[in-house]
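The lines below spell out each chain.
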Amino acid sequence: VRLVVSGGGLVQAGRSLLLSCAASGSIFSTSTIRWYRQAPGMQRELVATITRGCRTNYADSVKGRFTISSDKAKNTVYLQMDSLKPEDTADYYCVADPPLQDRLWGQGTQVTVSS
C-alpha cells in the first residue's frame, strides 16, 4: 500500500489549502491517520489525527483553522487548512498506522505561506 500526497503550494497568509492523502489500498477504514509537518531546522510536529472511528485531534497551533477528514470510499484523507499563517510553512506528511503493520509514510508536500 502506498500513500500519495497532493495539494501543497504557495499561498498568501489568510488563504486556504486542501491537502489530500490517497491510499492505493483500503487501509483507512482500519487505520489511524496523522498529518505531520516539519519546517526547516525545526522538529517534526504532529498536526492532526483521525482515528478509524473518525475521532479527531489537533495541535493547539492549528486548532480551529485546520480540519482533518476521511473519505473511506475514496481511500483518501484530507487536511483542510484555512486562515493560513506564515508559521504554517513546512513540508507536510501523511502517515498511516494500520493495525499489526508497519507505519506507512506518504511523500511530503511543501506548503509555503507568504505574509
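The structure we're discussing is the one just above.
Residues numbered from 1 in each chain as written. Predicted model: local features only at pLDDT ≥ 70, side-chain atom pairs only at ≥ 80, totals over all residues. Heavy atoms only, no water.

Participant: Please explain the nonpolar core as it appears in this structure.
Facilitator: With 29 residues, the main nonpolar core has F28, W35, L79, M81 and Y92 as its most contacted residues. Elements that contribute at least two residues to this core include exactly β1 (3-6), β3 (17-23), β4 (32-38), β5 (45-50), β7 (66-71), β8 (76-81), β9 (90-97) and β11 (109-114). Those residues in contact with L79, other than ones at most four positions away along the chain, are L17, L18, L19, W35, V47, A48, F66, T67, I68 and Y92. (Core = buried A, V, L, I, M, F, W, Y, C linked by side-chain atoms within 4.5 Å. Buried < 20%, exposed > 50% of the residue type's maximum accessible area, 1.4 Å probe, protein only. Helix = DSSP H or I, 4+ residues; strand = E, 2+ residues; numbered from the N terminus. Contact = heavy atoms within 4.5 Å.)

Participant: Before we go on, may I ask you to explain the state of the cysteines in this structure?
Facilitator: Put plainly, two cysteines are in a disulfide when a covalent bond ties their sulfur atoms together. This model, assessed by the stated rule, comprises one disulfide. The disulfide partner of C21 is C94, and the S-S distance across this bridge is 2.0 Å. Every disulfide takes its handedness from the sign of the S-S torsion; for C21 and C94 that torsion is -75 degrees, giving left-handed. Taken as a pair, C21 in strand β3 and C94 in strand β9 lie far apart in primary sequence, 73 residues in all. Left without a disulfide partner, C54 is nearest to the cysteine sulfur of C94, which lies 14 Å away. (Disulfide = S-S within 2.5 Å.)

Participant: For this particular structure, what's the right way to read the packing of aromatic side chains?
Facilitator: For any two aromatic rings, the description comes down to two numbers: the centre-to-centre distance and the angle of the planes. Applying the stated criterion across every chain yields a total of two aromatic pairs. Ring geometry for Y93 and W105: centres 6.1 Å apart, planes at 80 degrees, overall edge-to-face. Residue Y93 is located in strand β9, and its partner W105 is located in strand β10 (residues 104-105); the two are separated by 12 residues in the primary sequence. Residue class for Y93 comes out partly exposed when judged on its relative accessible area of 21%. Overall, the relative accessible area of 37% leaves W105 in the partly exposed class. Put simply, the rings of Y36, Y93 and W105 touch in pairs and so form one group of aromatic residues. (Phe/Tyr/Trp six-rings, centres within 6.5 Å; stacked < 30°, edge-to-face > 60°.)

Participant: Which parts of the structure should I look at to understand the pairing of β1?
Facilitator: Along any regular strand the residues' side chains alternate between the sheet's two faces. Burial of the side chains of β1 is restricted to one face: L3 and V5 are buried, whereas none of V4 and S6 on the reverse face is. Looking at chain direction, β1 and β3 are connected through four bridges and run antiparallel. Residue pairing across strands places V5 opposite C21, the latter belonging to β3. (Pairing = 2+ DSSP bridges.)

Participant: Explain the pattern of salt bridges to me, please; I cannot follow it from the model alone.
Facilitator: Side chains carrying opposite charge are able to pair once their charged atoms draw close together. Counted by the stated rule, this structure contains six salt bridges. Salt-bridge contacts for D88 lead to R37; the nearest nitrogen and oxygen are separated by 2.9 Å. Within this pair, whereas D88 is found in the loop between β8 and β9, its partner R37 is found in strand β4, the two being separated by 51 residues in sequence. Comparing D88 with R37 shows no difference in burial state: the two are buried. D97 is paired through a salt bridge with R103; the nearest N and O atoms lie 2.8 Å apart. Classification of D97 as partly exposed rests on a relative accessible area of 21%. Taking relative accessible area as the criterion, R103 reaches 36% and is therefore assigned partly exposed. Salt bridges linked by common partners bring R37, E45, R65 and D88 together as one network. (Salt bridge = Lys/Arg side-chain N within 4 Å of Asp/Glu carboxyl O.)

Participant: I would appreciate a short explanation of the environment of A22 in the present structure.
Facilitator: As for its position among the elements, A22 is in strand β3. Between the C-alpha atoms of A22 and L84, which are 62 residues apart in sequence, the distance is 23 Å. Sequence-distant contacts of A22, that is, excluding residues within four places in its chain, are made with R2, L3, V4, N75 and T76.

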